[in-house]
Amino acid sequence: MAVFEVWETESFYQEVRAATDSFASAGEQLRQLAYAIGERMAQAEDILPANVEFWSHIYRNNAIREGFRHIFSELRTALVDIGQAGGSRGWFTSIDSNDAAGLVITTFGGLMLQW
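Numbering of residues begins from 1 in every chain and follows the order in which that chain's sequence is written. Local features in this predicted model are restricted to residues of pLDDT 70 or higher, and side-chain atom pairs are both shown and tallied only at a pLDDT of 80 or more, whereas totals for entire chains, interfaces and linings draw on every residue. As a convention, hydrogens and water are excluded, and side-chain values are obtained from all of the structure's heavy atoms.

**What to know about the nonpolar core**
Heads up, the rule is: Buried Ala, Val, Leu, Ile, Met, Phe, Trp, Tyr and Cys residues that are joined via side-chain atoms within 4.5 Å together make up what is termed a nonpolar core. Buried residues are those whose accessible area, probed at 1.4 Å on protein chains only, stays under 20% of the maximum for their type, while exposed residues exceed 50% and partly exposed ones sit between those limits. A helix here means a DSSP run of H or I that spans at least four residues, while a strand means a run of E at least two residues long, and both kinds are numbered starting from the N terminus. Contacts: residue pairs with any heavy atoms within 4.5 Å of one another.
One finds Phe12, Val16, Leu33, Ile37, Leu75, Leu79 and Phe108 to be the most contacted residues of the largest nonpolar core, which totals 16 residues. Looking at this core, the elements that each hand over two or more residues are α1 (2-20), α2 (26-44), α4 (62-88) and α5 (97-114). Looking at which element gives the most residues to this core, the answer is α4, with six residues. Setting aside its immediate chain neighbours within four residues, phenylalanine 108 contacts Phe12, Ile37, Arg40, Met41 and Phe72. Among the nonpolar cores identified, the runner-up in size contains five residues, and Phe54, Trp55, Ile58 and Phe68 belong to it.

Shown next as structure tokens:
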């Protein structure tokens, strides 16, 4: 379980940080983040039953729950920052970055469950 937790939370956290810590434009950071999420989904295809089993422990295991809270909090912050940076420079349409981040995260979660 611990090895899977590292892959599921820590490695994904590193992928998010790598995509958003660059000096690239907001649009490029968003593209890198989408690519990282897509790659994560492609990697998860072969181990989907293990993913679902792991996710079932979120409500029963505080460490797993907190790991997920942390990664999705970081992902939300990264998406909000990208949205605000892109919006302030006129690269993105003016939207509520918090709402957009929430939409991306819930879409990602939904796609993973349907994958």
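So, next bit.
**Structural notes on the pattern of salt bridges**
Definition in use: Just to be clear on terms, a salt bridge is a Lys or Arg side-chain nitrogen sitting within 4 Å of an Asp or Glu carboxyl oxygen.
Using the criterion set out here, one finds two salt bridges in the structure. Put simply, arginine 31 and glutamate 28 hold a salt bridge, and the shortest N to O gap is 2.7 Å. Here arginine 31 and its partner glutamate 28 are both found in helix α2, three residues apart, which amounts to about one turn of the helix. Close ionic contact of arginine 69 with glutamate 66 constitutes a salt bridge, the shortest N to O distance being 2.8 Å. Highlighted residues: arginine 69 and glutamate 66, both in helix α4, separated by three residues, approximately one helical turn. Looking at glutamate 66, the relative accessible area reads 35%, which means it is partly exposed.

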